[in-house]
Amino acid sequence: MLTKEFVEGIRYRQLPRPLVVDIKMLQGIVALLCSLQLAMPANAACKIAQIAELHVRLAANTPIMDGEINGQSVQVELNTGGYRTFIGGETARRLHLPLRQYTDERAYGVGGPVPILTAVVNELKLGQFTAHDVRLAVLDTVHNDPYEGTELALGADFFAKFTTEFDLTHGVVRLLLPDGCQSGQLVYWDKAYSMTDIEAPGVNDPRFHTNVSINGKRLRALLDTGASVSHISLQAAESVGVTPGGNGTTPATAITGIAGKPIESWIGQFDTFAIGNEMIRNAKLRISNMYANNRIEITGSHIPVQISGADMIIGADFLMAHRVLISPQTRKMVFTYTGGPVFQLLRADEQPEAAQGGERGSPPAEPPASSP
């Protein structure tokens, strides 16, 4: 059991000096444990090093923080839905960063693909981090910053190196490095918690995927702090019996992703949504054909191939209603409900609005399946 002293230490301990880290590889982190390790009782096996505490603010639910590139201020979005850390094209030019295109690589998201360029920055500061000679991917879209006002999106390639605690209610994201801890010991803030498995982060796709159960069917979900609200793909919604135009669905405003192309959407009501041992009844979710424009042509062929993603995106609205800790090392996500609506609906003319329904209930008789 974690002590009160340990909890206070995790919350308030500050590093004595800025931490210099290579964001791409974060080499040498383990060697810092001796100086960063938080005090624990002598008989405690679980030890956690707090690498950094990032102070964020919310813009339409999305966590934003201040950063610097080569001494100039940039707005940084924490975006676990992006598999890489990206900077906007206009921002790169404003900072006079030389741009290169080494391959025909493209980024795929809601709305379709965009080309990827490359820029190298001399110095990047993110809270307590200072990194040098960092190579960044550049999304050169017509809207400059595909993240609606932010200039740098800190992606899953960064967060996959840590155990990350998202405490958005208090405007804090903590980067932790646990040692010898069971999954339940990581939830130092509460005795009660829910837990679900996450897939092992891949080399080419380090994003956090888990399984949820919607209307009793197991679906694959992506945890995306860059998405203001959670939504489900059109194909997944239809597979669980919720079809646009049918009972319980209403048209909604179009949504856009990194490509800036509008995608038709609807609001649908689902009998049950379960993640781990937490169930939500009568949940309303945004429905969209998220990957309709994600098509590529294979060399030597003019036939487009569909690129698909997760069945559902678990957005920042879910994190605002929970305290969440993700451990790629143990492949677990632990979380506790902290209050408020779990899912929200976004209208074009106002801030995110709480969805009607979505009543939280007791765990289902048969807990939803999770990733192996």
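In this text the structure is predicted, and so the values were computed from the model without any measurement. (Residues numbered from 1 in each chain as written. Predicted model: local features only at pLDDT ≥ 70, side-chain atom pairs only at ≥ 80, totals over all residues. Heavy atoms only, no water.)

### Considering the sheet that holds strand β2 (residues 47–55)
(1) Moving on: Taken in spatial order, the six strands make up an open sheet running β2-β12-β11-β23-β24-β13, and their pairing is antiparallel. Looking at which strands have only one partner, the edges of the open sheet turn out to be β2 and β13 (194–197). Neighbour-to-neighbour, the strand axes of the sheet open up by a mean angle of 20°, direction not taken into account.
(2) Moving on: The sheet contact formed by β13 and strand β24 (residues 332–337) spans four bridges and is antiparallel. Note that in β24 the partner of Met195 across the bridge is Val334. (Pairing = 2+ DSSP bridges. Helix = DSSP H or I, 4+ residues; strand = E, 2+ residues; numbered from the N terminus. Axes fitted to C-alpha atoms, helices over the stretch in contact; angles between N-to-C directions.)

### Topic: the environment of Thr169
(1) Moving on: Structurally, the position occupied by Thr169 is in the loop between β11 (163–167) and β12 (172–179).
(2) Moving on: Each C-alpha atom, one on Thr169 and one on Leu58, is 9.4 Å from the other, the two residues being 111 residues apart in sequence.
(3) Moving on: The residues contacting Thr169, other than those within four sequence positions of it, are Met320 and Thr338.
(4) Moving on: Separated by 3.5 Å, the side chain of Thr169 and the backbone oxygen of Met320 make a polar contact. (Contact = heavy atoms within 4.5 Å. Polar contact = N/O pair within 3.5 Å; in protein donor to acceptor, adjacent residues only side chain to side chain.)

### Thoughts on the packing of aromatic side chains
(1) Moving on: Throughout the structure, instances matching the rule amount to seven aromatic pairs.
(2) Moving on: Ring centres of Tyr83 and Phe86 lie 5.9 Å apart, and the angle between their planes is 80°; this geometry places the pair in the edge-to-face category. Across this residue pair, the class does not change: Tyr83 and Phe86 are buried. (Phe/Tyr/Trp six-rings, centres within 6.5 Å; stacked < 30°, edge-to-face > 60°. Buried < 20%, exposed > 50% of the residue type's maximum accessible area, 1.4 Å probe, protein only.)

### Quick notes on unusual backbone geometry
Generally, phi is negative for residues other than glycine and the peptide bonds are trans, each holding for most cases.
(1) Moving on: A positive phi angle, near 60°, is found at His96, a position not held by glycine.
(2) Moving on: Tracing the backbone shows His96 in the loop between α3 (89–94) and β7 (106–109).
(3) Moving on: His96 gets classed as exposed once you look at its relative accessible area, which sits at 68%.
(4) Moving on: One non-glycine residue, Asn282, adopts positive backbone phi at about 55°.
(5) Moving on: Relative to the elements of secondary structure, Asn282 occurs in strand β19 (residues 278–288).
(6) Moving on: Residue classification places Asn282 among the partly exposed residues on the basis of a relative accessible area of 33%.

### Remarks on the environment of Gly226
(1) Moving on: With respect to the helices and strands, Gly226 occurs in the loop between β15 (217–223) and β16 (231–233).
(2) Moving on: C-alpha separation for the pair Gly226 and Asn79, spaced 147 residues apart in sequence, amounts to 4.4 Å.
(3) Moving on: The residues contacting Gly226, other than those within four sequence positions of it, are Thr62, Glu77, Leu78 and Asn79.

### Focus: the pairing of strand β23 (residues 322–327)
(1) Moving on: In terms of burial, β23 is largely enclosed, as six of its six residues are buried.
(2) Moving on: Burial of β23 is two-sided: the residues His322, Val324 and Ile326 facing one way and the residues Arg323, Leu325 and Ser327 facing the other way are all buried.
(3) Moving on: Pairing analysis gives three bridges linking β11 to β23, with the strands arranged antiparallel. Looking across to β23, one finds that Phe166 is bridged to Val324.
(4) Moving on: Judged from the six bridges that link them, β23 and β24 form a sheet pairing that is antiparallel. Counted as the bridge partner of Ile326 is Met333 from β24.
(5) Moving on: In this antiparallel pair of consecutive strands, β23 and β24, the connection spans four residues, and Arg331 shows a positive phi of 60°.

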